[in-house]
Amino acid sequence: MIAPTESAVAEASQSLEAILKETPDDEFCRALDRWGTVPPRGVFVVGPGVVYGDEAIFRLYDSSEAPGYRWPHLARLTYGDGCWRLESILGQCTSCFGTGLVEPDDTPCGTCLARGWGLIGSSDFALP
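Predicted, not measured: the structure shown is a model, and the values here were computed from it. (Residues numbered from 1 in each chain as written. Predicted model: local features only at pLDDT ≥ 70, side-chain atom pairs only at ≥ 80, totals over all residues. Heavy atoms only, no water.)

Digging into the overall build of the protein chain
We count it as follows: Secondary structure counts use DSSP, requiring at least four H or I residues in a row for a helix and at least two E residues in a row for a strand, with both numbered from the N terminus. Using C-alpha atoms as the atom set, the radius of gyration is obtained and then compared with a globule rule of 2.2 Å times the number of residues to the power 0.38. Burial classes: relative accessible area under 20% of the type maximum marks a residue as buried, over 50% as exposed, and values in between as partly exposed (1.4 Å probe, protein chains only). In what follows, a contact means two residues having at least one pair of non-hydrogen atoms within 4.5 Å. Where accessible areas are quoted, they stem from the Shrake-Rupley method and a 1.4 Å probe; at the residue level, only the protein chains shown are allowed to cover. Just so you know, the count uses Lys and Arg for positive and Asp and Glu for negative, and it drops His and the chain ends. Charge positions are represented by NZ for Lys, CZ for Arg, CG for Asp and CD for Glu.
Scanning the protein chain for helices and strands turns up two helices and six strands. Counting from the amino terminus, helix and strand elements in the protein chain follow one another as α-α-β-β-β-β-β-β. A compact globule built from 128 residues would reach a C-alpha radius of gyration of about 14 Å, and the protein chain, at 15 Å, matches this within 12%. Projecting the C-alpha coordinates of the protein chain onto the three principal axes gives extents of approximately 45 × 30 × 30 Å. Here the protein chain, with 128 residues, has 38% of them falling under the buried criterion. Taking as baseline every contact in the protein chain between residues at least 6 positions apart, the subset at least 24 positions apart corresponds to 48%. Carbon and sulfur atoms form 56% of the exposed surface of the protein chain, whose accessible area is close to 7,200 Å². Taken as two groups, the 9 positive and 18 negative side-chain charges of the protein chain have centres that lie 4 Å from each other.

Written out as structure tokens, the structure is:
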């Protein structure tokens, strides 16, 4: 298990950057389709993240939206067999804007199943 330290965050961030750069385009496009995520117009830029145990979460931004970065994505990684694996990249829900609740009465969002990220049909799977 990885301790939730700054060095663990840095290691996971570097692994995510490498995965994003080294994954063949066709494999990455199939993964984005499986996750129900619109491909970036530019490239994904790794933002802030957190590591807890064997899981890491990072915000990703589309470089074509710089400097405003209006629509963030959420990357989820898991650690196993000595390396980080990308489990999913989900876009921020455009119905609840990442909160999981819909105004005005704070009902659970039906678009993302109250996760705040992704669509109902999106699913996680490992991308080495």
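Concerning the layout of surface pockets
The condition is simple: A cavity here means a set of 1 Å grid points, computed over protein atoms only, where a 1.4 Å probe fits but cannot escape. A pocket is an open set with protein on both sides within 12 Å along at least 5 of 7 lines, and lining residues have an atom within 4 Å of a point. Grid points are joined across faces, edges and corners, and a volume is the space filled by probe spheres set on the points. Residues are sorted three ways: Asp, Glu, Lys and Arg are charged, Ala, Val, Leu, Ile, Met, Phe, Trp, Tyr, Cys and Pro are nonpolar, and all the rest, Gly among them, are polar.
What the largest pocket holds in volume is close to 350 Å³. In this structure, the largest pocket is lined by 18 residues; those nearest its centre are Val38, Trp71, His73, Gly91 and Gln92. Each residue belonging to the lining of the largest pocket can be placed in one class, and the counts come to seven nonpolar, eight polar and three charged. In this structure, the second largest pocket encloses a volume near 290 Å³. What lines the second largest pocket is a set of 13 residues, and nearest its centre among them are Leu20, Lys21, Phe28, Val43 and Phe44. When contributions to the lining of the second largest pocket are tallied by element, the ones reaching two or more residues are α1 (6-22), α2 (25-35) and β1 (44-52).

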